[in-house]
Amino acid sequence: MDVVVMGEPLVEFSADRALTEAETFRLSFSGDALNVAVAAASAGARTALVTLLGEDEFGARLIRFAGSRGVDTRWMVPGPGSTGAYAVGADPSGTRAFAYMRHGSAASRLSAADLPGSPVADARVLVLSGITAALSDSCDAAVRTAARAATGLVVYDPNYRSRLTGPEAATTTLAAVAPHTALLKISAPGDSLALLGTADPRETARRVRQLGAPAVAVTMGADGVLLDTGDFADLVPAVPTPVIVDQTGAGDNFTGALAAWLSRGASLLDAVRAGTAAASISLAGQGGTGRVADTLEIESLLAETVSGA
């Protein structure tokens, strides 16, 4: 596989109003792992998702949905527990409010014992997440084991969610995984303030590299992305978008496109640029997989951005 993602896909109930006011919800499928996998597949990478799903109707629908979006579903395995879900209100401002329904889900039972026989170790690019690690102790162990076992490039996103875990546990996992990464993607101030005690992007990158990550992509929303490899630091501007419907999943679309570009040998800088374009395009859709860019769209938007600069 070009790109392998390990984590929990979720049933998504999204509304066009805040959760405190919404009465009508749209059923879709999302979750950071699924969003990344769909984005990578749309960007042309042979992509697989490694997970456990409930033996229920939603689990079956998630497998069909992922397959319809080009994701290899052979390692989306039904098992004990329910399929996880969450509700999210419209998010044009980037102030996210998620209500999770995933306690005791099938994916939370994922463990290192599920990795043999999966494509995790042999992927060109393996994408791991702090959300996956936060689901349970066994999931945390699986994330750490996968990072150590990978023979390809590892991309890690702490993707901190205070409703799932605390800063101390998330930072401990971050420190354990960072030395095994090729690129660590972290948001500032969303992740950095809670996990590293700073909102400053350059200080965030410095502290992450001190943990052992060779390269860091600090995402800053409309302010772009700071790519720091230790030898150089580049500010990659955000790609302007004419329509902002919902920012849910923009960071996941960034990661998926970035992973697809890396899997075919692109430089970190070019991969980050592709990620910014994919994230921009995703803002026009509702929910995590509402609008996903393909390779041609990403390349065209990057070309337009360069010509208009």
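Residues numbered from 1 in each chain as written. Predicted model: local features only at pLDDT ≥ 70, side-chain atom pairs only at ≥ 80, totals over all residues. Heavy atoms only, no water.

(A) Representation of the packing of helix α8 (residues 250-263) against helix α9 (residues 268-282) within the structure. Contact geometry of α8 with α9 gives a least axis separation of 7 Å together with a crossing angle of 145°. Taken as a pair, α8 and α9 cross one another with a handedness that is right-handed. Facing A250, N253, F254, A257, L258, W261 and L262 of α8, the residues of α9 in contact are L268, D270, A271, V272, A274, G275, T276, A278, A279 and S282. (Axes fitted to C-alpha atoms, helices over the stretch in contact; angles between N-to-C directions. Helix = DSSP H or I, 4+ residues; strand = E, 2+ residues; numbered from the N terminus. Left-handed = near helix turned anticlockwise from the far one by under 90°. Contact = heavy atoms within 4.5 Å.)

(B) Summary view of the sheet that holds strand β2 (residues 10-14). Strand order in this open sheet of 4 strands is β3-β2-β7-β8, and the pairing throughout is mixed. Two strands in the sheet have a free side with no partner beyond their single neighbour: β3 (26-30) and β8 (98-101). Sheet twist, expressed as the mean angle between neighbouring strand axes with direction ignored, is 25°. Across 4 bridges, β2 lies against strand β7 (residues 85-88) in parallel orientation. Of the residues in β7, the one forming a bridge with E12 is Y86. Along the sheet face, helix α2 (residues 57-68) touches β2 and β3 and points at about 65° away from the line of β3. (Pairing = 2+ DSSP bridges.)

(C) Main features of the pattern of salt bridges. A complete count under the given rule lists 12 salt bridges for this structure. The shortest N-O distance in the salt bridge between E8 and R102 comes to 2.9 Å. Linking E8 in the loop between β1 (3-6) and β2 with R102 in the loop between β8 and β9 (125-129), this pair joins segments that are 94 residues apart in sequence. Each member of the pair, E8 as well as R102, carries the same accessibility label: buried. Within the structure, one salt-bridge network assembled from shared partners comprises D2, R46 and R124. (Salt bridge = Lys/Arg side-chain N within 4 Å of Asp/Glu carboxyl O. Buried < 20%, exposed > 50% of the residue type's maximum accessible area, 1.4 Å probe, protein only.)

Purely geometric stuff here, so don't read any function into it on its own.
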